[in-house]
Amino acid sequence: MHNRKVAIVGMGGAFPDCTDIGDFKEKLFSGKSLIREWDKATAFGKQIRSTVAGFITEEEMNLEPVYSSLAPDYPETYIDRLSRIPDINLATADVGSIWAMLGAQDSIKMAGWTTEETESEETAVVVGSGGAGHEILRHAWHNFYELGKKSRLAGSHTVDRAMVYRDAANVACLIKNKGVCEAIGSACATGLGNIGYAYRLIKFGLQDRAIAGGVEGTSLETFIGFDAMQVLSKGFSPDKSSRPFDLNRNGFVCGFGSGIVALEEYEMAQARGAKIYAVIDSYFNNSDGDGNMFYPSFNGQQRLWKGLAKDAVIKPDVVKVHGTSTPVGDIIELLSVIDAIGDKGYHVSAPKSQFGHMLGAAGSVELITAVMMLENQQVLPCLNSDTLNPELENFQKADGWNGPNKPAASYRHLISPETVNKEINQVVCLNYGFGGTNSAMAISRDV
Amino acid sequence: MERQEIIDGIVEVLKTVRTIDPEKLHNITEETDFLTDLNTPSTELINIAAKVEQKFDVEFEDDDIDNLGSKVKDIVDLIIRAKERAE
């Protein structure tokens, strides 16, 4: 019971500038950028440094905020114009939780689970978000601290709409599963971390099915935190802003979205004739252990690859990298991939080049793009990776560097700015987060 | 202020609460119970109380809300008490 195979049988979510997951797929493989100038950011003029994002509006998700008559600008609840989510569930949800619920609904529909299977004690919900603040808390606090109002004026839902595992809680209340309900938090590795944890629950025989993934609801509150760190891309047109590996990259583009998958024990999925979109070969996660909150660790990533390959054959045709478009992270990651698996026989794909960095949703949405690459037999591009550095990076010249000693430009053949058609049997997905957390998952075609 | 006038005002507030079925608001009496008759989630009662305060321009004491019953007449009584207190 401790080494069961796990299948991906359903997917759903919320994606910037897309009507649904089909539209997302079409736009990705045709090489489009989903990054736009954000009116919510530009409205603050010089208070904000970067103004592009992969944002999603309420309107685009067919949601309508209902503003409270008691507290100015406080979205008391949302109306679902398409009647997908009951009002009772909307009352306890922030936008991210609503996207998680919609993704869960789509995933279950795609998986073809019966009500009995969905509501079983053997079905888990493992969904988390990065959650660095949102408007629910901001308005509640503003009304209390600044305006001196009674605490009840912000309503009785600030806890359920803002608590750390709100996305998982809302999904569980919607689908009524009776198994595990938890959220894993690991900053920008959250999306993959939740799916990895759910994978282990099934692999080790603790659950048979799981709704798993990550969410990052559109939030200027989160955006300004990163804007303050001066780590966001600046000075390019929106579609050129996210440019992993390019010599002129100067930061990441904040994105928002949700990616939810339905996982199922392989034999069960096969026995009921489910369509198996991919099989999970391996998952591993670790910490840098160097005491540095932000700086990526080549050694941490070397150990990550070793762990991933410990009990599985790892021979990817595509490595879906974290590739944020920050000056340091991209090349350390590229070199750690090369250190682990050489520099031939695979392509590197950086989907953040198309929709930005979805933070807590990044790992799960990017895993969905990896499943799509298996389905389409196409590698998603590294948009805007126009020029690779012909010189060595400074860290490559430092004492103690034990990684590859060639400049990024030597690896042009791995990084395509355009979609590539090729046979793809395995994709490795990589994500990392503040605090030095690293996660990796390998998925394969079901053959 | 007549009790029926207060009930009508409460119904107006209830119409803005999306977790209450509007169909159930046609025959509201003093005996209507928020929890058993209207299936109001208990967490909404505090929101209703806050909106009622605004609607009738009164302020409830925290103790009043802590001890509030779940019938319409309980809110009507509370509004009258709060108004008297303010006079």
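Residues numbered from 1 in each chain as written. Chains lettered and ligands numbered in written order. Predicted model: local features only at pLDDT ≥ 70, side-chain atom pairs only at ≥ 80, totals over all residues.

Caption draft 1: Structural detail: the interface of chain A and chain B. Counting from both sides, the interface comprises 12 residues of chain A and, opposite them, nine residues of chain B. Tallied by class, the residues present in the side of chain A that touches chain B amount to five nonpolar, five polar and two charged. (Contact = placed C-beta atoms within 7 Å. Nonpolar A, V, L, I, M, F, W, Y, C, P; charged D, E, K, R; others polar.)

Caption draft 2: View of the sheet that holds strand β1 (residues 6–14) of chain A. All names here are of chain A. Read across the open sheet, the 10 strands follow the order β7-β6-β8-β10-β1-β11-β17-β16-β12-β13; overall the sheet is mixed. This sheet does not close on itself; its edge strands, each paired only once, are β7 (181–182) and β13 (347–349). Across the sheet, helix α4 (residues 95–111) is in contact with β1, β6 (123–129), β8 (209–216) and β10 (257–265); its angle to β1 comes to roughly 135°. (Pairing = 2+ DSSP bridges. Helix = DSSP H or I, 4+ residues; strand = E, 2+ residues; numbered from the N terminus. Axes fitted to C-alpha atoms, helices over the stretch in contact; angles between N-to-C directions.)

Caption draft 3: Just helix α15 (residues 362–376) of chain A, in detail. Residue and element names in this part refer to chain A. For α15, with 15 residues, the first-to-last C-alpha span of 21 Å sits near the 21 Å given by 1.5 Å per residue. Within α15, 12 of the 15 residues are buried, which leaves it mostly tucked inside the rest of the structure. Looking at α15, one finds that the buried residues are Ala362, Gly363, Ser364, Val365, Glu366, Leu367, Ile368, Thr369, Ala370, Met372, Met373 and Leu374. Directly beyond the C-terminal end of α15, a positive phi value near 55° is found at Gln377. (Expected span 1.5 Å × (residues − 1). Buried ≥ 20, exposed ≤ 12 C-beta atoms within 10 Å, placed from the backbone.)

Caption draft 4: Focus on the sheet that holds strand β3 (residues 52–54) of chain A. Residue and element names in this part refer to chain A. If you trace the three strands from one edge of the open sheet to the other, you get β2-β3-β9, paired in mixed fashion. Every interior strand has two partners, whereas the edge strands, β2 (36–37) and β9 (254–255), have only one. Of the pairings in the sheet, the one linking β3 to β9 comprises two bridges and is parallel in character. If you follow Ala53 over to β9, its bridge partner there is Cys254.

Caption draft 5: Local environment of the environment of Gln378(A). All names here are of chain A. By secondary structure assignment, the location of Gln378 is in strand β14 (residues 378–379). C-alpha of Gln378 to C-alpha of Ile424: the two residues are 46 residues apart in sequence and 7.4 Å apart in space. Filtering out sequence-adjacent residues up to four positions away, Gln378 remains in contact with Phe29, Met373, Thr419, Val420 and Asn421.

Caption draft 6: Main features of the nonpolar core. If you look at the biggest cluster of nonpolar residues, it comprises 128 residues, and the most contacted ones within it are Val127(A), Val171(A) and Ala198(A). Sort the elements by how many residues they give to this core and α4(A) lands first, with nine residues. Setting aside its immediate chain neighbours within four residues, Val171(A) contacts Ala100(A), Met101(A), Ala104(A), Val125(A), Val127(A) and Ile211(A). Grouped together as the second largest cluster of nonpolar side chains are 16 residues, Ile6(B), Ile48(B), Phe60(B) and Val76(B) included. (Core = buried A, V, L, I, M, F, W, Y, C linked by C-beta atoms within 7 Å.)

Caption draft 7: Representation of the pairing of strand β11 (residues 278–287) of chain A. All names here are of chain A. The buried count for β11 comes to seven of 10 residues, which makes it a mostly enclosed element. One ladder, built from three bridges, connects β1 with β11; its direction is antiparallel. When the sheet's bridge partners are listed, Ile8 is paired in β11 with Ala278. Across eight bridges, β11 lies against strand β17 (residues 437–444) in antiparallel orientation. The residue bridging Ser282 from the neighbouring strand is Ala442, located in β17.

Caption draft 8: Representation of helix α13 (residues 329–341) of chain A within the structure. Residues and elements named next belong to chain A. Its 13 residues give α13 an end-to-end C-alpha distance of 19 Å, which sits within 8% of 18 Å, the value for a rise of 1.5 Å per residue. For α13, the set of buried residues is Gly329, Asp330, Ile331, Ile332, Glu333, Leu334, Leu335, Ser336 and Val337. The inward-facing, buried residues of α13 contact α12 (298–308), β12 (318–320), β13 and β16 (426–433). Positive backbone phi, approximately 80°, marks Gly342, located one or two places after α13.

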